[in-house]
Amino acid sequence: MSALPAAAALALAGARELADNDVCFVGIGNPSDAALLAKHTHAPGMTLIYESGVIGSDPKTPPLSTGSPSVSDGAMMIADGLSVFAELQAGRIDVGLLSAAQVDRLGNLNSTVIGEYAEPKLRLVGSGGAHDIACLAQRLVILMPHDPRRFVDRVDFITSPGVDKKRAALKLGSGPAALVTDRARFTFETGEARLAAVMPGFTAAQALEGIPWTVSKTADFQVIERFEPAAVETASRRLDYLFA
Amino acid sequence: MSALPAAAALALAGARELADNDVCFVGIGNPSDAALLAKHTHAPGMTLIYESGVIGSDPKTPPLSTGSPSVSDGAMMIADGLSVFAELQAGRIDVGLLSAAQVDRLGNLNSTVIGEYAEPKLRLVGSGGAHDIACLAQRLVILMPHDPRRFVDRVDFITSPGVDKKRAALKLGSGPAALVTDRARFTFETGEARLAAVMPGFTAAQALEGIPWTVSKTADFQVIERFEPAAVETASRRLDYLFA
Amino acid sequence: MADKAVSLSDAVARTVKDGDTVFIGGFGHAVPFALGHEILRQGFKNLTLCRSGTDILFDLMIAAGAVKKAVFGYLGNPGIGLGQAFRRAVKAGAIEYEDWTNFAMILRLHAARLGVPFLPARILQIGDMPNVLPDLKTLDCPYTGEQLTCIPALKPDVALIHAQHADREGNIKFYGIDGDTVEGALAADKIVVSVEHFIEPEQIAETPELTRIPAHRVTAVAEVPWGAHPSYVEGFYGRDDTHFYDYDKIAREDESLRQYLQKWVYDCPDRRTYLETVGAEKLSELKAHGSGREPR
Amino acid sequence: MADKAVSLSDAVARTVKDGDTVFIGGFGHAVPFALGHEILRQGFKNLTLCRSGTDILFDLMIAAGAVKKAVFGYLGNPGIGLGQAFRRAVKAGAIEYEDWTNFAMILRLHAARLGVPFLPARILQIGDMPNVLPDLKTLDCPYTGEQLTCIPALKPDVALIHAQHADREGNIKFYGIDGDTVEGALAADKIVVSVEHFIEPEQIAETPELTRIPAHRVTAVAEVPWGAHPSYVEGFYGRDDTHFYDYDKIAREDESLRQYLQKWVYDCPDRRTYLETVGAEKLSELKAHGSGREPR
């Protein structure tokens, strides 16, 4: 087991997906943590965009919502929601980062309802911008805590589509590039999620623990021995709440 | 003959078309003069909007263009072109004020070309926002200097449509409410321009001098004996360039 | 131009009607809680509430029984949890709702603002969302042949907005996070605004780019300091995050939520009483924890 | 983020290509004359120029033979007269052009910015304009049955913009009259900007609502004081109306216009020489006749 708290490991694993100068459309929570960490380690040229209309954001404290004060404090530009979703639809956003209540083997995400839509066991918050990001970002990165209840064979409701053959004809983004947990990295080259890497401190068995479908490994399966010490140090300083 | 310069008489005649609290989409030149005059006499609650995106404008000096400094100096709001044309298309602009190179008996305006479109005698500047205003303003007021060359039976090119039966089905504005010159006021209740009033100092014959089609009078034809002295005084002070 | 400055209660009484479709401004920032509470105190019913990403004000208005239908992209307590009253109302079949996305809601308002019945978009073509939106149309682009979704216009009867400043004629100065606040206001037939502080028209003209809603579009404007608490107002005060965490616990049960409504809405006939309920200490703390930006 | 600050000549050389569709910013205000002149000095050809309401820069670029096609709502010398070079080119059959309206051009750019191939609108359905726009489509709204025009997207290869301020990373601060300047920039694939004055990123962050183009969208930015002369820049200098009146006379004949181009464009290898040609007295007069608003 890693000595890191799971939330910190997830941020570190997620940050690895982001490259310098990436333009990222960032959801709240794990996505925001991972993006901030990347920006303050290996990707200082990254542009963080929140759906509230803020561009070039660099929150000093973790925002509770995309409309929270820390999202706009010190930001380079405050536009509006239309402006940033326009960029997304025009294909000008490199990466979208999302989390959700449920994910399935195709990278579909559910944040709408547990149970039947018409007769819900539990009504959730709905899409927000998640469906839009999943459809329109050039590259989609899904961040999920390793929590077996959240990994299901087929999500109860596809709020934010994962792999879908209709994407190309509809000129949508290419769909999930990676599903990252605090224990592993999954990719979707063949359609279904396959184990592409395990995160520091975890075996493949641990990475798949509780996942209710059979997961194969990619040909280039990797064991990631450690996170960059500088990234861990930055995380512990800048995202100290993940270590609490 | 009126003792007033024609340009001043046109502004005074145009201002009469505007009511307090009207929201006006204003073209440059005669329209802008008339709107300003109205605002500074009987219609202080009028809102002047220019296509450059300026709302609540009150130019201190006559703007050469809708993008000139005096349009924005002291204005209450600087938005953008999309914002103000959106208001126009949503039916939220009470009055559009236009002038043009040519006008015809249906209140059609031409600012595109003299001669054939494909083989022009003289290529003009094009629509600008004029077509948009003519189609979308709730009420259209046309201001033209009394210049017989500019009154034609059928304009060479309908840039900005006047009376058109398709307006209602297409949910466009109601078309020309009045055509105002420095000598007369024409209205379009029956389709064609009819003489509804003559301006101070002019007879009906003078008002129609050189107009190449037969113009009938409205049932309520009026002789306007004089402009409001306060309006004339304001014009001579605020629009002194019209008296030069 | 006419003086549109009225009291908070008149602002609501003169503009809202039972059955109206009401856009609620505030994407996290400058949520119009004072206007929303006033709607509840005046007992309006059968409202359709709409916006992209909601705040707990939406949930609270559902809890109070004022809402017939919710039309939204997200309905919850941002960053904290579910819309608890909404969750129970859905379970009980006591509310109608439409699940859009935030972008779709913005486009719906944008279409209304532009005066067209729909706008084409690429979203809502895959996944399960198109299946639960009744009567959502698609078309093939007449130029490119691409299949596009037709996002229908949504024109609210009334928009409720909170902003930093206005003059008494109704020119609204607003800055900080917008989301779809201005878009929703300009899409609506009537716009009702509460502001932190009235300023003179001459001051409005000093920053004309920050005038986001022009006077002639505004129906009524009321000066209501702290009118967005427990949300925040850029340049004035910070967000009362604790209040949102507390709400999450309180809203889990009908009875405690009823008591919350009593305390924060019905027992506060005016905003002064409300601020006494918040307490001077909390207010001074929020003032201190506002953003570093001064009022502009 | 990368440093995008370059010289005026590099800004153009690195971004513009022969045959490009070029959006020219500046709706009367902040017309990018320095960038436009640089394009002429570098001898680019076969350009398609586009915007809603043009300034004389459009006409001048036509006169210089750089333009294959003009796509516009208005093409002239605002408030003064015709586009004289355009008028002659049309008469001679020496230029292609498309007659749109200002609103239609804005919607064309807005569609490209929104990433959709068209936007529906109510304009261009009556009068003669729809007849001379080849292949303009209509559709019946799938919800209301209303007939609407399909305004096709227009995505420029490059947008040329002049603004007050930028940081060296390319965040662009712009205020004053916009028209379709920002819309056209954000619609384009590449954005090239000249500014009056570089400022630090920290200063950009002080007025984030006035940042109108974010750094990651900008390809190159050059500091070019007076880069919009003879047009004006809010907060910096007034409009040289005399220059526009003079142009109207000069542009009526090919030979005098050729001399104008020689004097103001080809004989000015850089903007410093250009400003010497304008003369210190005129510059100081324009500085004094700027608007009362200070740089913000």
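We now turn to the structure provided with this report.

Thresholds applied
- Every chain's residues receive numbers from 1 upward, in the order its sequence appears when written.
- Chains and ligands are labelled sequentially in the order written, the chains with letters from A and the ligands with numbers from 1.
- The predicted origin of the model limits local features to residues at a pLDDT of at least 70 and limits the giving and counting of side-chain atom pairs to 80 or more, whereas totals for whole chains, interfaces and linings rest on all residues.
- Hydrogens are left out, water is left out, and the side-chain values use all remaining heavy atoms of the structure.
- Two strands make a pair as long as DSSP finds a minimum of two bridges between them.
- Here a strand is any run of E in DSSP of at least two residues, a helix any run of H or I of at least four, and the numbering for each starts at the N terminus.
- For this analysis, a ring pair means two rings from Phe, Tyr or Trp (six-membered ring only for Trp) whose centres lie within 6.5 Å, classed as stacked if their planes differ by under 30 degrees, edge-to-face if by over 60, and tilted for the remaining angles.
- The criterion is that NZ of a Lys, or CZ of an Arg, lies within 6 Å of the ring centre and within 35 degrees of the ring normal, and then a charge sits over that ring.
- Should any heavy atoms of two residues lie within 4.5 Å, those residues are considered in contact.
- When two parts are put together, the accessible area they lose, computed with a 1.4 Å probe and summed over both, is reported as buried area.
- Just to be clear on terms, a salt bridge is a Lys or Arg side-chain nitrogen sitting within 4 Å of an Asp or Glu carboxyl oxygen.
- Here a polar contact is recorded for every N or O atom pair within 3.5 Å, except that within protein the pair must consist of a potential hydrogen donor and a potential acceptor, and residues adjacent in sequence are included only if both atoms are side-chain atoms.

Turning our eyes to something else, we now look at the sheet that holds strand β5 (residues 95-98) of chain A. All names here are of chain A. If you trace the 10 strands from one edge of the open sheet to the other, you get β4-β3-β2-β1-β5-β10-β11-β12-β13-β14, paired in mixed fashion. Both edges of this open sheet fall to β4 (77-78) and β14 (217-223), since each of them pairs with a single strand only. In the sheet, strand β12 (residues 184-187) pairs with strand β13 (residues 194-198) via four bridges, with the strands oriented antiparallel. Following the sheet pairing, Arg185 is matched in β13 by Ala197.

With that out of the way, let us pick up the packing of aromatic side chains. Counted under the stated rule, the structure contains 22 aromatic pairs over all chains. Here the guanidinium or amino end of Arg271 of chain C rests over the ring plane of Tyr274 of chain C, the centre of that ring lying 3.8 Å away.

With that settled, consider the interface of chain D and chain C. Listed as interface residues are 30 residues of chain D and, on the opposing side, 30 residues of chain C. Carbon and sulfur atoms make up 67% of the surface buried where chain D meets chain C, a total of about 2400 Å² over both sides. Per-residue buried area on chain D facing chain C is highest for Pro117, Tyr143 and Glu209 of chain D; these three make up 27% of the total on that side. Taken together, chain D and chain C are joined by zero salt bridges. On inspection of chain D and its partner chain C, the count reaches nine residue pairs in polar contact (both at pLDDT 80 or more). Counting only elements with at least two residues in the side of chain D that touches chain C, the list comes to β7 (118-121), β8 (137-140) and β9 (147-152) of chain D.

Tracing the sequence through the fold places Gln89 of chain B in helix α4 (residues 81-89). Here the side chain of Gln89 of chain B touches Leu114 of chain C through a polar contact of 2.6 Å, landing on its backbone oxygen. Setting aside its immediate chain neighbours within four residues, Gln89 of chain B contacts Leu136 of chain B, Leu114, Gly115 and Val116 of chain C together with Phe103, Ala121, Arg122 and Ile123 of chain D.

Take the interface of chain C and chain A next. Taken together, the contacts link 51 residues of chain C with 48 residues of chain A. Here chain C and chain A share an interface that buries about 4000 Å² over both sides, 64% of which is from carbon and sulfur atoms. Considering only the surface of chain C that becomes buried against chain A, Phe103, Arg122 and Ile126 of chain C emerge as the three largest contributors, covering 19% of it. At the boundary of chain C and chain A, one finds three salt bridges. Among the ionic pairs, Arg154 of chain A bridges to Asp128 of chain C, the shortest N-O distance being 3.4 Å. Mapped onto the side of chain C that touches chain A, the elements with two or more residues apiece are β3 (67-74), β5 (81-82), α4 (84-91), β6 (96-99), α5 (102-114), α6 (129-132) and α9 (241-250) of chain C. No other element matches the six residues that α5 of chain C contributes to the side of chain C that touches chain A.

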